Amino acid sequence: MAKFTISKLDQMKTDGDKFVCITAYDATFARLVSEAGAESILVGDSLGNVLQGHDSTVPVTIEAMAYHTECVARGEPNSLIIADMPFMSYATPKDTLKNAAKLMQAGAQMVKLEGGTWLSDSISQLVERGIPVCAHLGLTPQYVNAFGGYRVQGRTPKEAKSILADAVEIQDAGAGLLVLECVPEELATDITNKLDIPVIGIGAGPGTDAQVLVMHDLLGLNPRPAKFVANFMEGQSTVQGALKAFVDAVKSGDFPREEHCYH
Ligand code: KIV
Ligand code: NA
């Protein structure tokens, strides 16, 4: 199986084929995600929660992200490796270039940043220098202290308009993918249809081009799962079976269901 590339994901959007992203933080799980058929792996800063035990992603450092990206890359997955830039590692375009380089040299094929129009310069500078960018809008967990908690974004017409405007601008700046987290299904579908780049949803309904979940959530290991999470370990006897069940459910349109959506 050949390595998945961004152009392959673009082609899947054009063809209307759903693709899958699963988080992984080490070599073993990177291999399992790849073997399950997920086109992309996210080395998420969610590792701050699920590996390090923090109650947010704010404490995660660039050194931790580079370390886990190296671990994932050593698993030699066929999946495209996307690595999160952690809190404050992309506050200025200069910091962004320096820190993104660390993740690319650790084995990432793309970096992910949370935020909208204010990131345009950073995104175009990264792309000009050969670093593909995935943007992240909606509920951006690094903003938890600004949001005052984890809640659905884009519920008012004003918020929805601003997320759509951000999405268009970051695409124009050169972003190659967009993650939309915890937004009403209608907004996510509208943005997906308006953008040329593939949109990966989490808590964003079935209308996006792809779905992502944190691995620990889809394996039923989170004692307080969000509404948009399903436990794919149910009915399975192995982790491999659960990962494959998630991949199959996304591709067949069986996940997410109505009970996982916001309106
Ligand atoms: O860190 C992460 O796992 C993420 C996904 C939930 C999109 O950013
Ligand atoms: Na993240």
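Residues numbered from 1 in each chain as written. Chains lettered and ligands numbered in written order. Predicted model: local features only at pLDDT ≥ 70, side-chain atom pairs only at ≥ 80, totals over all residues.

Under an unreviewed UniProt entry, the name given to the protein is 3-methyl-2-oxobutanoate hydroxymethyltransferase, and the source organism is Aequoribacter fuscus. Taken from UniProt, the Subunit (unreviewed entry) comment for the protein reads in full: "Homodecamer; pentamer of dimers." (UniProt positions renumbered as here; feature names shortened; annotations may be inferred.)

Caption draft 1: Quick look at the environment of Leu47. Locating Leu47 in the fold gives a position in helix α3 (residues 47-50). Leu47 sits in the buried class, given 24 other C-beta atoms within 10 Å. Residues Leu47 and His68 lie 21 residues apart in sequence; the distance between their C-alpha atoms is 8.8 Å. Excluding residues within four positions of it along the chain, Leu47 makes contact with Tyr25, Gln52, Val60, Ala64 and His68. (Helix = DSSP H or I, 4+ residues; strand = E, 2+ residues; numbered from the N terminus. Buried ≥ 20, exposed ≤ 12 C-beta atoms within 10 Å, placed from the backbone. Contact = placed C-beta atoms within 7 Å.)

Caption draft 2: The nonpolar core, seen in detail. With 82 residues, the main nonpolar core has Ile22, Ile41 and Leu178 as its most contacted residues. Apart from the residues lying within four places of it in its own chain, the contact partners of Leu178 are Cys134, Ala135, Leu137, Ala167, Ile170, Leu195, Ile197 and Val199. (Core = buried A, V, L, I, M, F, W, Y, C linked by C-beta atoms within 7 Å.)

Caption draft 3: Highlighting the packing of helix α2 (residues 27-35) against helix α11 (residues 239-252). Between α2 and α11, whose axes approach to 9 Å, the crossing angle comes to 50 degrees. It follows from the interaxial angle that α2 and α11 lie oblique. For α2 against α11, the interelement crossing comes out right-handed. From α2, Leu32, Val33 and Glu35 reach across to α11, where they touch Val239, Gln240 and Leu243. Considering only residue class, the contact of α2 with α11 consists of four nonpolar, one polar and one charged. (Axes fitted to C-alpha atoms, helices over the stretch in contact; angles between N-to-C directions. Parallel < 35°, antiparallel > 145°, perpendicular 65-115°, else oblique. Left-handed = near helix turned anticlockwise from the far one by under 90°. Nonpolar A, V, L, I, M, F, W, Y, C, P; charged D, E, K, R; others polar.)

Caption draft 4: Just the UniProt feature "active site" (unreviewed entry) in the protein, in detail. Mapped onto this numbering, the UniProt entry annotates "active site" (unreviewed entry) at Glu181. Note that Glu181 resides in strand β6 (residues 177-181). The contact partners of Glu181, leaving out residues within four places of it in the chain, are His136, Gly138, Leu139, Thr140, Ile202, Gly203 and Ala204.

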